[in-house]
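# What the coordinates show
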Amino acid sequence: MQKQTVRDFDPQGKRVLVRVDFNVPIEDGKVKDDSRIRAAVPTIKYLLDHGASVILISHLGRPKGKVVESMRLRPVAQRLSALLGRPLPITGDPLGIGTRDAAARLKPGQVLMLENVRFHAEEEGNGGEYAKTLASYGDAFVNDAFGTAHRAHASTVGIAEYLPAYAGLLMEREIEALSSLLESVRHPFAAVIGGAKVSGKLGVLDNLMDRVDTFLIGGGMANTFLVAQGNSVGKSLLERDLVDDARKILENAEKSGAEFLLPTDVVVAKEVTRGAEHKVVPVNKIPNSWSAVDIGPQTIETFKQALEPAKTVFWNGPLGVFEVPTFGDGTRAMARYLAARAESGATVIVGGGDSVAALEELDLTDKMTHISTGGGASLEFLEGRELPGISVLRDREPEPEPAAKAKPAKTTRAEVPAKPAKAAAKQAKADTKPAKAAAK
Ligand code: ADP
Ligand code: MG
């Protein structure tokens with residue numbers, strides 16, 4: 001990896017500020033999903049085991065610069081304290097004399113958590129004074145908050161002006177997993193993209209266009225493509241102003257030789273609610289007053305066939321309104337199929353809060369190669385953008401030989417190494433090509 005990590009400095013006797021992403025769902029004062037907390041434990045343990053004391057910094061929710069009682073980090077601290085098996089005091093405020101003293105009193109092996117950094121507006125405003133004060137509590141800064149790496153805030157970016165800054169172990173895993181998709185991916189490479197809207201995913205579709213062999217599109221965003229192809233989608237979620245962009249993407253896919261699979265049949269419902277009347281129709285027969293809420297059984301089969309030869313799969317976004325169990329068949333089928341693919345050796349990377357929630361419901365997260373803890377951050381990374389929270393981390397000295405590795409976030413299409421692997425893969429699969437869902 002191009003960035004220095006916790007392994008690149010000696011934490012012995014140092015106070016290390018660790019930015020974590022503990023923005024977790026909390027219900028009735030309890031953490032409902034602790035995966036992001038568990039994901040940060042290796043970095044914290046590593047630092048403690050190597051003689052550091054650790055000061056944790058996180059946000060929770062969107063308190064917009066004010067103290068909001070329901071957004072206090074106490075439930076998070078309790079959960080983490082149980083995971084670490086040691087006491088974990090939390091300050092009443094990220095600022096103030098009490099906080100400064102608590103930080104100063106820390107001994108090697110001890111952990112302290114600062115209260116929600118977004119209780120001060122300077123966090124999101126990346127206020128210099130705020131960043132400077134936070135930095136004054138410690139000797140080094142470690143960013144392990146991949147989920148917040150696309151935000152230039154005081155505790156993710158500003159603070160690195162005052163302290164040597166390193167990647168945490170989770171951050172390292174995320175960067176390595178996601179940059180493998182941009183740099184050294186094994187072909188055939190398939191991208192399954194769903195979710196509510198095309199907006200927010202256009203950049204990813206663009207940046208992956210030359211890298212991906214097969215796109216599989218589902219969810220609400222498929223509707224905009226279906227309209228671009230001349231279908232009508234009734235009352236379905238549709239971004240009419242993006243139909244032209246969708247058409248361009250279809251054209252680009254055609255030009256670049258990427259397969260672009262859209263649903264051929266969908267589940268339509270009278271209302272997007274539990275218990276609503278629903279049926280399966282071909283995509284050119286969506287009734288006027290109905291909504292497409294899931295991919296249909298024929299599409300599920302086509303998608304599975306298309307994914308069978310894939311050596312790498314990236315999945316973002318559910319293929320239907322899976323929160324309503326009746327409309328979750330497509331998403332569940334995809335989750336199960338990708339788990340099976342991963343078990344038989346394919347690299348399967350999943351990003352996005354809702355997609356991951358769907359996997360969790362089925363208890364399939366452990367089967368995947370990598371589950372990104374960042375939804376927006378993983379998409380921005382795959383758009384090829386440089387994430388500010390990563391840019392500020394110390395670069396590794398360039399390796400003396402051979403020609404330096406491509407830089408993950410900066411790679412442009414022109415810089416991508418020629419793709420003999422992709423060409424070969426295309427050749428190889430030419431005779432086993434699955435039915436193409438009418439991208440033409
Ligand atoms: P992720 O969190 O995995 O990145 P998104 O946030 O982009 O995914 O999209 C998830 C949302 O998309 C879910 O709330 C789901 O209900 C919605 N969705 C999926 N398919 C449809 C559809 N056909 N119509 C409307 N909404 C949909
Ligand atoms: Mg989401």
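Everything numeric in this text was worked out from a predicted model, so none of it was measured.

### Here's the deal with the overall build of the protein
- Helix and strand content of the protein: 15 helices and 16 strands.
- Scaling as 2.2 N^0.38, a compact globule of 440 residues should have a C-alpha radius of gyration of about 22 Å, and the protein matches this with 23 Å.
- Seen through its C-alpha atoms, the protein measures out along the principal axes to roughly 70 × 55 × 40 Å.
- Taking all 440 residues of the protein together, 56% fall into the buried category.

### A closer look at the pairing of strand β13 (residues 291-295)
- Here β13 lies mainly inside the structure; five of its five residues are buried.
- Across four bridges, strand β11 (residues 265-269) lies against β13 in antiparallel orientation. Note that in β13 the partner of Val267 across the bridge is Asp294.

### What about the sheet that holds strand β16 (residues 370-371)?
- One open sheet holds the six strands; their spatial order is β10-β9-β8-β14-β15-β16, and the pairing between them is parallel. Unpaired on one side and paired on the other, β10 (259-261) and β16 mark the two borders of the sheet.
- Note: strand β15 (residues 347-351) against β16, two bridges, orientation parallel. Paired with Ile349 across the strands is His370, a residue of β16.
- Sheet strands touched by helix α12 (residues 353-361): β14 (312-316), β15 and β16. Its angle to β15, the strand with the most contacts, is close to 115°.

### With respect to the confidence of the model for the protein
- Looking at the protein as a whole, the pLDDT averages 91, with 91% of positions reaching at least 70.
- Under a pLDDT of 50 for its full length, residues 409-440 has, in the predicted model, 51 contacts with residues more than four places off or in other chains.

### Brief notes about the packing of helix α1 (residues 35-49) against helix α2 (residues 74-84)
- Contact pair α1 / α2: the axes reach a minimum separation of 10 Å and the direction vectors enclose 55°. Of the possible angle classes, the one that applies to α1 and α2 is oblique. Remark: the crossing between α1 and α2 carries right-handed chirality. Contact residues: Ile37, Arg38, Val41, Ile44 and Lys45 in α1; Val76, Arg79, Leu80, Leu83 and Leu84 in α2.
- Of the residues assigned to the contact of α1 with α2, the class counts are seven nonpolar, no polar and three charged.

### A closer look at the packing of α1 against helix α6 (residues 169-183)
- Where α1 contacts α6, the two axes come as close as 7 Å, and the packing angle between them is 130°. Considering their axes alone, α1 and α6 lie oblique with respect to each other. In contact with Ala39, Pro42, Thr43 and Tyr46 of α1, α6 contributes Leu169, Leu170 and Arg173.
- A class-by-class count of the residues in the contact of α1 with α6 yields five nonpolar, one polar and one charged.

### Here we look at the site of ligand 1
- Taken together, 18 residues form the shell around ligand 1, and within it Ala196, Lys201, Glu323, Asp354 and Ser355 come nearest.
- A distance of 3.4 Å separates a nitrogen atom of ligand 1 from a polar backbone atom of Gly320.
- Relative to its unbound accessible area of 570 Å², ligand 1 is 80% covered by the protein chains.
- Of all the secondary structure elements, the ones that give two or more residues to the shell around ligand 1 are β13 and α12.
- Broken down by class, the residue content of the shell around ligand 1 amounts to six nonpolar, nine polar and three charged.

### Quick look at the pattern of salt bridges
- Tallying each qualifying case throughout the model produces 18 salt bridges.
- When the shortest N-O distance is used, the salt bridge between Arg79 and Asp34 registers 2.8 Å. Of this pair, Arg79 sits in helix α2 while Asp34 sits in the loop between β3 (30-31) and α1, and the two are 45 residues apart along the sequence.
- You can call Arg79 partly exposed: its relative accessible area is 30%.
- Relative accessible area serves as the criterion here: at 13%, Asp34 is assigned to the buried category.
- A salt bridge links Asp101 to Arg100, with the nearest nitrogen and oxygen atoms 3.9 Å apart.
- Because the salt bridges share partners, they merge into one network encompassing Asp34, Arg38 and Arg79.

Rules behind the numbers
- Residues numbered from 1 in each chain as written.
- Chains lettered and ligands numbered in written order.
- Predicted model: local features only at pLDDT ≥ 70, side-chain atom pairs only at ≥ 80, totals over all residues.
- Heavy atoms only, no water.
- Helix = DSSP H or I, 4+ residues; strand = E, 2+ residues; numbered from the N terminus.
- Rg over C-alpha atoms; globule rule 2.2 N^0.38 Å.
- Buried < 20%, exposed > 50% of the residue type's maximum accessible area, 1.4 Å probe, protein only.
- Pairing = 2+ DSSP bridges.
- Contact = heavy atoms within 4.5 Å.
- Axes fitted to C-alpha atoms, helices over the stretch in contact; angles between N-to-C directions.
- pLDDT = per-residue confidence, 0-100.
- Parallel < 35°, antiparallel > 145°, perpendicular 65-115°, else oblique.
- Left-handed = near helix turned anticlockwise from the far one by under 90°.
- Nonpolar A, V, L, I, M, F, W, Y, C, P; charged D, E, K, R; others polar.
- Near = heavy atom within 4 Å.
- Polar contact = N/O pair within 3.5 Å; in protein donor to acceptor, adjacent residues only side chain to side chain.
- Areas by Shrake-Rupley, 256 points an atom, 1.4 Å probe, with all protein chains shown as cover.
- Salt bridge = Lys/Arg side-chain N within 4 Å of Asp/Glu carboxyl O.

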